[in-house]
Amino acid sequence: QVQIVESGGGLVQPGGSLRLSCAASGFTFNNYRLSWYRQAPGKERELVARITSAGDSTNYADSVKGRFTISRDNVKNLVYLQMNSLKPEDTAVYFCNAMRRVDWHTSNDYWGQGTQVTVSS
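This report concerns the structure included in the present document. Since the model is a prediction, treat every value here as computed from it, not as a measurement. Numbering of residues starts from 1 in each chain and follows the order in which that chain's sequence is written. A pLDDT threshold of at least 70 governs which residues receive local features in this predicted model, and a stricter bar of 80 or more applies before side-chain atom pairs are shown or counted, although totals over entire chains, interfaces and linings include all residues. Side-chain descriptors were evaluated using all non-hydrogen atoms of the structure, hydrogens and water having been removed beforehand.

1. What to know about the overall build of the protein chain
- Note on conventions: DSSP H or I runs of at least 4 residues are helices, E runs of at least 2 residues are strands, and numbering of each starts at the N terminus. In terms of regular secondary structure, the protein chain is built from zero helices and eleven strands.
- Along the chain direction, N to C, the helices and strands of the protein chain fall in the order β-β-β-β-β-β-β-β-β-β-β.
- The atom set for the radius of gyration is the C-alpha atoms, and the globule formula is 2.2 Å times the number of residues raised to the power 0.38. Taken over the C-alpha trace, the protein chain has a radius of gyration of 14 Å; the compact-globule value for 121 residues is 14 Å, and the two agree within 12%.
- Each principal axis of the C-alpha atoms in the protein chain carries an extent, and together these give about 45 × 30 × 25 Å.
- Accessible area is worked out with a 1.4 Å probe on protein chains only. A residue is then buried under 20% of its type maximum, exposed over 50%, and partly exposed in between. Looking at the protein chain residue by residue over its 121 residues, the buried ones come to 39%.
- A 1.4 Å probe and the Shrake-Rupley method give the accessible areas. Residues count as covered only by the protein chains that appear here. In the structure as shown, the protein chain presents an accessible area of about 6700 Å², 45% of it carried by carbon and sulfur atoms.
- Positive charge is attributed to Lys and Arg, negative charge to Asp and Glu, and no charge count is given to His or to the chain ends. In this description, the location of a charge corresponds to atom NZ of lysine, CZ of arginine, CG of aspartate or CD of glutamate. Here the protein chain carries 13 positive and 10 negative side-chain charges, and the mean point of each set is 2 Å from the other.

2. Considerations on the sheet that holds strand 8 (residues 78-83)
- The four strands are arranged 1-3-8-7 in an open sheet whose pairing can be described as antiparallel. With one partner strand each, in any of the chains shown, strand 1 (3-7) and strand 7 (68-73) form the two edges of the open sheet. Taken pair by pair, the neighbouring strands of this sheet meet at an average axis angle of 15°, ignoring direction.
- Relative to strand 8, strand 7 runs antiparallel, the two sharing six bridges. Paired with Phe-68 across the strands is Met-83, a residue of strand 8. Two strands are said to pair when DSSP picks up at least two bridges between them. Helix axes are fitted only over the stretch in contact, all axes being lines through C-alpha atoms; the angle between N-to-C directions runs from 0 to 180 degrees.

3. Some details on unusual backbone geometry
- Phi at Asn-77 is positive, roughly 55°, even though this residue is not glycine.
- Mapped onto the elements of the fold, Asn-77 is located in the loop between strand 7 and strand 8.

4. Description of the packing of aromatic side chains
- Pairs were defined over the aromatic rings of Phe, Tyr and Trp, the Trp ring being its six-membered one, requiring ring centres within 6.5 Å. Orientation was assigned from the angle between planes: stacked under 30 degrees, edge-to-face over 60, tilted for the rest. Under the defined criterion, the tally for this structure stands at five aromatic pairs.
- Geometrically, the ring pair formed by Phe-27 and Tyr-110 is tilted, given 5.2 Å between the ring centres and 45° between the ring planes. You can see Phe-27 sitting in the loop between strand 3 (18-25) and strand 4 (33-39) and its partner Tyr-110 sitting in strand 10 (residues 107-111), a full 83 residues away along the chain.
- Owing to a relative accessible area of 13%, Phe-27 belongs among the buried residues under this scheme.
- On the numbers, 4.9 Å between centres and 55° between planes, the contact of Tyr-37 with Trp-111 is tilted. Of this pair, Tyr-37 sits in strand 4 while Trp-111 sits in strand 10, and the two are 74 residues apart along the sequence.
- Clustering of aromatic rings is evident, with ring pairs tying together Phe-27, Phe-29, Tyr-32 and Tyr-110.

5. Concerning the pattern of salt bridges
- The salt bridge definition used is simple: a Lys or Arg side-chain nitrogen within 4 Å of an Asp or Glu carboxyl oxygen. Throughout the structure, instances matching the rule amount to four salt bridges.
- A salt bridge links Lys-65 to Asp-62; the nearest nitrogen and oxygen atoms lie 3.1 Å apart.
- Across the pair Asp-90 and Arg-67 runs a salt bridge whose closest N-O atoms are separated by 2.8 Å. Of this pair, Asp-90 sits in the loop between strand 8 and strand 9 (92-101) while Arg-67 is found in the loop between strand 6 (58-60) and strand 7, placing the two residues 23 residues apart along the sequence.

6. Details of the environment of Arg-50
- Counting through the fold element by element, Arg-50 comes out in strand 5 (residues 46-51).
- On the basis of relative accessible area, Arg-50 is assigned to the buried category, the value being 17%.
- With 48 residues separating them in the primary sequence, Arg-50 and Ala-98 have C-alpha atoms 9.8 Å apart.
- Aside from chain neighbours lying at most four places away, what touches Arg-50 is Arg-33, Leu-34, Ser-35, Tyr-37, Ser-57, Thr-58, Asn-59 and Ile-70.
- At a separation of 2.8 Å, a polar atom in the side chain of Arg-50 contacts the side chain of Ser-35.
- There is a polar contact of 2.7 Å between the side chain of Arg-50 and the side chain of Tyr-37. The contact criterion used throughout is that any non-hydrogen atoms of two residues lie within 4.5 Å. Pairs of N or O atoms within 3.5 Å make up the polar contacts considered here, provided that, within protein, one atom can donate a hydrogen while the other can accept it, and that residues adjacent in sequence are counted only when both atoms are side-chain atoms.

In structure tokens, the structure reads:
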């Protein structure tokens, strides 16, 4: 009964802001690395931001550094992506991913269905 549900997407003007949320259930949230990926039409899915299970380290794609911030709330089982100074090239479906490597052979890797972000004037 693993569930990962993204929300918060929509249409926004260039230079605007959105906050995406990812609600997770059915697994031990604080044991999982959380990531936001995005996929634009005709392009490969790319990693946008990542936060460790402990929340002590983050990584960002160069294209979003200084504009996006990933954070997590381990009490509410939520991960956020605050997106500021949005650009048309940020337009994509944004996916939330939770991953935990169990052992040498097995990892748990869960994905949401995505939320559409469109940046357009």
